[in-house]
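# Analysis of the macromolecular model
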Amino acid sequence: KSSQETYNHVMFRVLTFLLNAFTLRFVSKELIGVVNVRLTLLYSTLVFLSREAFRRACLSGGTDHNWRQVINLLWLTLPLGVLWASLLVCVWLWLLEVPDPLTIPHYGPAVGLFALAALQELLAEPLWVLAQAHMFVRLKVVAESLAMVAKCVLTVVLVVSAPQWGLYIFSAAQLVYTGFLVLCYFVYFLRFLGSGEANRKYFPLQCVADLLPSSVEGEPVIDWTLARLTWSFFKQSFLKQILTEGERYVMTFLNVLSFGEQGVYDIVNNLGSMVARFIFLPIEESFYVFFAKVLERGRDVRQQKQEEVAIAAEVLECLLKLVLVIGLIITVFGYAYSHLALDIYGGSLLSSGAGPSLLRCYSSYVLLLAINGITECFVFAAMSKEEVDRYNLVMLALSISFLLLSYMLTWWAGGIGFILANCLNMGLRILHSLFYIHRYFLLSQWTPLRGLRPSPLLLLALALSAVLTALSEGVFCCDGGWLLRLVHIAVGAGCLLGVLVTVLLTETKLVQFVRTQLLPRYGKKHT
């Protein structure tokens, strides 16, 4: 289930990435900023506050519910969504800074249409919960994929044929996206209910009328235990949403960046985070499961099977070395190739302003993301439940401090301030994890943190590559035409080859780990 969802999420990111690359040729960065930050935040806030608490409550306990009462409870998401939409639309129209109508027309109607798209998506909420509770994973993947493809096709067609429509294009695409989602769920359940397959699975609903609100005499209309649980989750959801979308709220409510700067930052953020999602996330997910199986949660290292602790320590050391090497390569080459990458991706619109500086900073942030992913993956697998609860409070404090830091640093350094705040936040999380791992193995013979010490020869190769590629960028890139750009790319390719050869010669333990542990693991996963 999780791998399907991860794949779907990555495909969503890739399509958004490609769509941005195309639309940047036809629209302004200010328009991208309004759509990707301001209007997307309205949509995600409205949907999250209307349904998240209901989802968490109704999916607890699996399928062991009175589904008539659950369906009745889930339909309350729609009137709640209407209330939130009324409030949020007023805030977005009258309390927030409105874009210049000469530069970005149709802002008012776009706010209304994005809110309408969110309400349209809530129509499928009872069906979504039914599908999740009964493990209809493929339905979710197919529905979201079809909806995303429809959204992309419509956006491309309208951007090429009628770019003057501006925000109407993206509003129509969002309505089509949510419309396709709802349509897929309704069509599936229309065919499924009452079928032989439904009877074989003892599905609790028999006909389409069972999907609508209804009551039975002598029985409560809704399950009041679930309703109280929903209210409990609802109180937590405010904070979770603010922490999840923290950067966008700071941009939207505190006016620290112009709409154009917001657009560039959002594109660079998506570009940089794709590397982390493609390379590091699958490693983290796979080896969290490994550590959770090998280690006994919350027990002292001396009280566990020593051969399994030894395996865990060796794997952790190799993983730390692996992500450190990949992160250092991205940081070194990201500095010299950010300008060229953005010029190819979005033209002068991205490469002429703060874009290259943002991507250079993000390249360094990727190194911290990589190390944090592996250290926290181990820590969460080894911690006791009480330690995890305490650490969640630490994470909460760090998240709140991140919001304050990002506000202050963005006033000082623009979009780079957000990345600096992320780096500081990630650095503190890494320090916490390193202290935990050090204490965990203190009374044993293993020292997996050695994985964070690359060989001197590798550091020398990376330093030489940094100097050579920086000189190459200054001489060959990026105003002298494609021939000089290709020379710059060739210099980078030669330096990268030198670094990889150095890794093969000096990091033999890491190479052996990748060949015997990592590649077979992914071979099994994708066959």
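Treat the numbers as computed from the prediction; the structure is a model and nothing was measured. (Residues numbered from 1 in each chain as written. Predicted model: local features only at pLDDT ≥ 70, side-chain atom pairs only at ≥ 80, totals over all residues. Heavy atoms only, no water.)

## What about the packing of aromatic side chains?
- Applying the stated criterion across every chain, the model contains 23 aromatic pairs.
- On the basis of an interplanar angle of 70° and a centroid distance of 6.0 Å, the ring pair of F287 and F290 is categorised as edge-to-face. Note that F287 and F290 are positioned in helix α12 (residues 259–294) at a spacing of three residues, about one turn of the helix. Summarising the burial analysis for this pair, F287 and F290 share the class buried.
- Between F287 and F513, the aromatic rings sit 6.1 Å apart at their centres with planes inclined by 40°, giving tilted as the arrangement. (Phe/Tyr/Trp six-rings, centres within 6.5 Å; stacked < 30°, edge-to-face > 60°. Helix = DSSP H or I, 4+ residues; strand = E, 2+ residues; numbered from the N terminus. Buried < 20%, exposed > 50% of the residue type's maximum accessible area, 1.4 Å probe, protein only.)

## Let's talk about the packing of helix α13 (residues 306–346) against helix α15 (residues 355–382)
- Relative to each other, α13 and α15 sit at 170°, their axes nearing to 8 Å. The angle between the axes of α13 and α15 places the two elements in the roughly antiparallel class.
- Within the contact of α13 with α15, the residues separate by chemical class into 18 nonpolar, nine polar and one charged. (Axes fitted to C-alpha atoms, helices over the stretch in contact; angles between N-to-C directions. Parallel < 35°, antiparallel > 145°, perpendicular 65-115°, else oblique. Nonpolar A, V, L, I, M, F, W, Y, C, P; charged D, E, K, R; others polar.)

## Quick look at the nonpolar core
- In this structure, F189, F287, F291 and F441 are the most contacted members of the largest nonpolar core, which totals 167 residues.
- Dropping the residues within four chain positions of it, F291 is found in contact with A312, V315, L316, L319, C377, F378 and A381. (Core = buried A, V, L, I, M, F, W, Y, C linked by side-chain atoms within 4.5 Å. Contact = heavy atoms within 4.5 Å.)

## Quick notes on the confidence of the model for the protein
- Residue-level pLDDT values for the protein average 86, and 94% of them are 70 or greater.
- Mean pLDDT across the elements of the protein ranges from a minimum in helix α1 (residues 2–23), with 67, to a maximum in helix α5 (residues 107–122), with 96. (pLDDT = per-residue confidence, 0-100.)

## Considerations on α13
- At Y337, α13 shows its maximal kink, close to 60°.
- In terms of residue burial, α13 counts as a mostly covered element, since 30 of its 41 residues are buried. (Bend = angle between axes of the 7 residues up to and from the residue.)

## Thoughts on the side chain of N36
- In this structure, N36 sits in helix α2 (residues 29–58).
- N36 sits in the buried class, given a relative accessible area of 13%.
- In contact with N36, not counting residues within four places along its chain, are N20, R248 and D266.

## Quick notes on the environment of V221
- Of note, V221 is situated in the loop between α9 (196–200) and α10 (224–244).
- The class of V221 is partly exposed, set by a relative accessible area of 47%.
- Between the C-alpha atom of V221 and that of V157, which follows or precedes it by 64 residues, the distance is 47 Å.
- Setting aside anything within four residues of it in sequence, one finds V221 in contact with Q69, N72 and S215.

## What to know about helix α18 (residues 456–476)
- If you check α18, its first and last C-alpha atoms are 30 Å apart, about what 21 residues at 1.5 Å a residue would give, namely 30 Å.
- Those residues of α18 that are buried lie in contact with α13, α15 and α19 (482–506). (Expected span 1.5 Å × (residues − 1).)

## Points about a nonpolar patch on the surface
- Judged by side-chain polarity, L239, F253, L254, I400, L404, Y407, M408 and W411 come together as a nonpolar surface patch covering roughly 770 Å² of accessible area.
- Of all elements in the fold, only α11 (246–254) and α16 (385–413) reach the threshold of two or more residues within the nonpolar patch.
- Ranked by residues supplied to the nonpolar patch, first place goes to α16 with five residues.
- Structurally, L239 can be placed in helix α10. (Patch = residues over 30% accessible without salt bridge, like charges linked within 9 Å, V, L, I, M, F, W, Y side chains within 5 Å. Areas by Shrake-Rupley, 256 points an atom, 1.4 Å probe, with all protein chains shown as cover. Salt bridge = Lys/Arg side-chain N within 4 Å of Asp/Glu carboxyl O.)

## So, unusual backbone geometry
- We note that H106 has phi near 70°; this positive angle belongs to a residue other than glycine.
- Counting through the fold element by element, H106 comes out in the loop between α4 (77–95) and α5.
- Phi at N255 is positive, roughly 50°, even though this residue is not glycine.
- Turning to its location among the elements, N255 is positioned in the loop between α11 and α12.

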